[in-house]
Structures are given as C-alpha cells and as structure tokens.
Amino acid sequence: MIEPQSPASVLDALTQVRAADPPTHGGRVLSYVYDHGRPELDELAARAATMFLPVNGLDPTTFASVAVLERDLVAFTREVLHGDESVVGSVTSGGTESCLLAVKSARERWLAAHSDSTTAPHAETPRLVLPTTAHPAFRKAAHYLGLARTEVPVDPHTGAVDAQAMLAAVDDSTALVVLSAPNYPFGTMDPIAQVAPALAARDVPLHVDACIGGWLLPWWPGHEDEWDFAVPGVTSMSTDLHKYGYAPKGASVVLYRGRERHRAQYYATTEWPGYPVVNPTMLGSRSATSLAASWAVTRALGTTGYAELVQQTAHATSAVRKALSGISGLTVVGRPAAALLAVAADPARAPAHQVDPFALVDAVRRHGFLLQAQPAFTQPDHTALPRTAHLTLTPVTDRVTRDLVAALRAGADEVRGLSPRAPDPDLVAQVATEGLPEEMAPVLATLEAMDPGDAAAALTGLLASVIDPDVALGTPGRDGTSMHSGER
Ligand SMILES: *Cc1c(COP(=O)(O)O)cnc(C)c1O
C-alpha cells in the first residue's frame, strides 16, 4: 500500500533526495556534467522537454513533430562534422546507443558480404579492431552483438596509438575499425587521417567516436589534422548532444556515410499479429523530451554560440594545464587535444616527490572539486598504463579556474610523497555492506589489483545493492557532502 501524497509533498521529497547529489552546475564536478553556465539555456531546454513529454518517438509517421526535429538535428550535426548530402543518421538516447548501432550496422554489412552459400555460413566471427583507449561502449557492443575484438595497445607514456599497429591488426574478419576524437581516458586524438585512406583502399569501414569531441573540436583553437567526415575513409561517427552539445541527458547522434549503412542499423518486422514494427534505434517507445530539448539548445546556440562556449572552455583548459605543469610530482599524460586530460604521478621524480593520483582525487574533493579516478590498466602486450586522475573541463570552469587551481595545488601538496594505499581485499565485502567510504584511494587500489572478472562482479554487486529495496546501504550521496556552494 502506498499512501497518496500531495504534489507539494512529492516535490519536497524530490528536493530532499536531490540535495544528496553533487552540484551539477558551477564547475565543481569534473566529469558527468557539462555546464555551459547559461541559466536561460536550461530554462529553454526544460520548456522544450515539457512540451514533448506526452509524445512517443516510436512513430514519426504519427508524431510528425519527431521527424521534423530529428531531421533538423541530423542536418545540423552533419554540417558541423563536415558531412555532405551522402551522410545521414539518427538521434539516439546517448553515446552508448550510438556506438552500439554503428557496430550493429557494420556487423550486418559484414555478415551480408560474407554469407556465401557455397561455404559454411560465417565460419569466421566478425571482429572489431580498436585501441585499448576506445570507450567501453564498443566492448559492450561486441558483447551484446557477438563480435570478436582485437585491442591494439597504445603507447603507455602518451596514450597514442600507432597507425601502422592499427592497420596491422586488420584482416578479412574486420567488420569495423574504431578510432576516437578524442579518447575519453587521456583526451588524446587517434590517428584518423593516417589510418582512413588505407582502410578505404581495403574497403574496411572506420567509425570515428566523437561522442565527447564532436561538439568541441570543430571550434577548438589550433587543430591540425582532419578527423571527421572531411576524411574520405570515415564511414560512421557518433557524437553526443548531452555532452558538449549541452542538451539534457538522453541525446546523441550517430551518422553514416551512405544511406545503406544507416539502414543496416534499423530493425523492422511484420512477423507478429500486431502493428508493423520499425525501430531505427535500440528502443521501442521512446521519449521525445531530450530530442526536443536538444533541438531547442542547438537552435538557441547556433554555431556562433558553440564557438563562444568552446572559446571559454579552451581558455580554462589552457590555464588549468599551465597550472598543472607547475605542480611538481604530477604529469599530464600525452598531448590532450581539447578539454579532457589525465594526470599521472610524474615518473621522472623520485617516489618521495610524486603525487599519487588516487590520493590527489581524495584530497581535491576535500577542497571542493570532484575529479575522476582512473585505475592503472595492463594492455594485451603487458605494458601498463598508469593510474590517473581525469578532468573534463567545461565553459563554466572558466569562472572557477582560480579555485580549481588552488584546490589542485593544495591537494597535491597534502599528498606529495605519501606512499600509495595498498589494496585491501576485505574492503570489497565492507563496501558491499556499508557503502563507499569517504576515502576512496584504498577502494580504487583494491579494484585496480583485482582480477578484471572479479572486479566486474564486485562493481555489479555494489551497483545492484545501491538500488536494491531490501539492502540498506550507507548513503551513496557521499560526494555531495561539502560541495554545494556552486549549485544554483
Ligand atoms: C561518453 C562517451 C561515450 C559513451 O557515451 P554515453 O553517453 O555515456 O553512453 C562513448 N565514447 C566516448 C569517447 C565518450 O566520451
């Protein structure tokens, strides 16, 4: 039995649960959220979403409005990414769905090309070739869609993948090659213009994952290489509206060069007693709220609006990078292309002068900023990528650069020379019953040292308990504690 509540008390309750979240505005959280710093844009997105709350995006022939908005967004996005009139695509629920669909399309086309009835059907499994730094959405796609994977190691010091190494991994089983613009962990660019021509010559498709970079790089100062549809061998791209497109969560675009590639993403059937089914994306019924909000935000900003916001982001990024290079014991990994970067302990310094990234994340949180810890990773060739602290900078960072830099400096000073926390296997059980502790470094060190299969199981256990009605876990809102000053 659930007692009915008045709307006022329902909203009160929602306000209370939201109070446990870290601030989504104000530049305090350096991942997950992308703050443009313009309240009127949030207002506009909210009004647009409200107008489309009752609409079902499942059927754009019934809800013609959905077709209009989606067509406009596809057209705007392909213009931004230098696609000509042969480039078409869909609006999806997010980057993961865009990546899944690009892989599905490539798989269908590979299977069609390899289904020669005179030989055993698909004696080989279609394969994805990708650097280790590619987003896990592609590993997930391979897992869901039954593809094999070849993961190409990147340079452990710079995060860069070698073009020849990528090409050497390609063979007849390759259904799709994936490169990122830029990759998420280190924010560095993959060699798209170097790899694309050779792939095109072999008729192997190339997906450029610009989920994070697609609404940044077109306006980022000082870009050298081409990386989008301007490069002839690029056959598909993903780019997220809900990141640097500044739409509310739930919107991304996947684009293909050639209508056949786009159509291979669809699922359609008349083989049931109900209505004829045609689903462009993974979902059936789908919300049109984020579509409408994205449309509204992109229209309101226009290309000049994006250019201005990128200007602010680039300004903040160069200030933060400059400050980081002056903090001893830390080093920025590789050459970040835009607003994402990762810092590792400086291998050129003696341990007594190094800053451990996990300890840094905990210390900087105490100073009011939330960085993202990235555990060390052993690649297929047994080289190891270092543990890092990740920062995603946004336009609003430009208003808090001074505070952020002070927090980074103070945090680094507090932990410099401390020996990194040792893994503690007992922590896994403890976290599962008590929730996450204030100090995350030991938890991350433990996770980092675990067998990847065990780590995945432990993470699944933790996340499942967080939403389990029968498990009373410690507050998952830990990160919100001292960080509400920037909220508006
Ligand atoms: C965020 C991201 C994705 C996945 O996007 P979601 O919207 O989180 O599903 C894929 N690739 C890159 C490079 C990303 O940054």
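Just so it is clear, the model here is predicted, and its values are computed rather than measured.

Participant: Would you mind showing me how to read the site of the ligand here?
Facilitator: Near the ligand, the surroundings consist of G94, G95, T96, H135, Y184, D209, C211, I212, D240, H242 and K243. One of the side-chain N or O atoms of H242 is found 2.7 Å from an oxygen atom in the ligand. Interatomic distance of 2.9 Å between a side-chain N/O atom of K243 and an oxygen atom of the ligand. Here the ligand has 380 Å² of accessible area as a free molecule, and 86% of this is covered by the chains. Residues of the shell around the ligand, tallied by class, amount to three nonpolar, five polar and three charged.

Participant: Looking at this model, I keep getting lost on the sheet that holds strand β4 (residues 174-180). Mind explaining?
Facilitator: With respect to topology, seven strands assemble into an open sheet ordered β1-β7-β6-β5-β4-β2-β3, the strand pairing being mixed. At either margin of the open sheet sits one strand with a lone partner, and together these are β1 (87-92) and β3 (148-152). Taking each pair of neighbouring strands and ignoring which way they run, the sheet shows an average axis angle of 20 degrees. Both strand β6 (residues 234-240) and strand β7 (residues 252-257) contribute to a ladder of five bridges, which runs antiparallel. Bridged to M237 within β7 is L255. Where helix α3 (residues 64-80) meets the sheet, its contacts fall on β1, β6 and β7, and the angle it forms with β1 comes to roughly 120 degrees.

Participant: How should I be thinking about the domain arrangement of the chain in this particular structure?
Facilitator: The domain boundaries assigned to the chain delineate domain 1 (48-297) and domain 2 (426-480). Computed from C-alpha coordinates alone, the two centres of domain 1 and domain 2 are separated by 32 Å.

Participant: Would you explain the pairing of β1 in this entry?
Facilitator: Of all six residues in β1, six are buried; the element is thus mostly enclosed. The pairing of β1 with β7 spans six bridges and is antiparallel. Among the inter-strand pairings, G89 is bridged to a residue of β7, identified as L255.

Participant: What is the right way to look at the side chain of S90 in this model?
Facilitator: With respect to the helices and strands, S90 occurs in strand β1. Under the relative-accessibility criterion, S90 is labelled buried at 1%. A distance of 2.8 Å separates a polar atom in the side chain of S90 from a polar atom in the side chain of H262. Ignoring any residue separated from it by four or fewer positions in sequence, one finds S90 in contact with E70, V74, S252, V253, V254, H262, Q265, Y266, P280 and T281.

Participant: Would you mind showing me how to read the packing of helix α12 (residues 426-434) against helix α13 (residues 441-449) here?
Facilitator: Helix-helix packing is characterised by the crossing angle of the two axes and by the distance between the axes. α13 packs onto α12 with a crossing angle of 120 degrees between their chain directions and a minimal axis gap of 9 Å. The angle between α12 and α13 falls in the class oblique. Where α12 crosses over α13, the handedness of that crossing is left-handed. Here L427, V428 and V431 of α12 come into contact with α13, specifically with P442, V443 and T446. Class assignment for the residues of the contact of α12 with α13 results in five nonpolar, one polar and no charged.

Participant: Please explain helix α4 (residues 95-114) as it appears in this structure.
Facilitator: The periodicity of an α-helix, 3.6 residues per turn, causes residues three or four places apart in sequence to face the same way. Its 20 residues place the ends of α4 29 Å apart at the C-alpha level, agreeing with the 28 Å of an ideal helix rising 1.5 Å per residue. Extensive coverage of α4 is indicated by the burial of 14 of its 20 residues.

Participant: For this particular structure, what's the right way to read the state of the cysteines?
Facilitator: Among covalent bonds in proteins, the disulfide is the one between the sulfur atoms of two cysteines. Taken as a whole and assessed by the stated rule, the structure comprises zero disulfides. With no disulfide partner, C99 has as its closest neighbouring cysteine sulfur the one in C211, 4.1 Å distant. Using a relative accessible area of 2% as the deciding quantity, one classes C99 as buried. Residue classification places C211 among the buried residues on the basis of a relative accessible area of 7%.

Conventions adopted
- Residues numbered from 1 in each chain as written.
- Predicted model: local features only at pLDDT ≥ 70, side-chain atom pairs only at ≥ 80, totals over all residues.
- Heavy atoms only, no water.
- Near = heavy atom within 4 Å.
- Polar contact = N/O pair within 3.5 Å; in protein donor to acceptor, adjacent residues only side chain to side chain.
- Areas by Shrake-Rupley, 256 points an atom, 1.4 Å probe, with all protein chains shown as cover.
- Nonpolar A, V, L, I, M, F, W, Y, C, P; charged D, E, K, R; others polar.
- Pairing = 2+ DSSP bridges.
- Helix = DSSP H or I, 4+ residues; strand = E, 2+ residues; numbered from the N terminus.
- Axes fitted to C-alpha atoms, helices over the stretch in contact; angles between N-to-C directions.
- Contact = heavy atoms within 4.5 Å.
- Domains from an automatic or database assignment.
- Buried < 20%, exposed > 50% of the residue type's maximum accessible area, 1.4 Å probe, protein only.
- Parallel < 35°, antiparallel > 145°, perpendicular 65-115°, else oblique.
- Left-handed = near helix turned anticlockwise from the far one by under 90°.
- Expected span 1.5 Å × (residues − 1).
- Disulfide = S-S within 2.5 Å.

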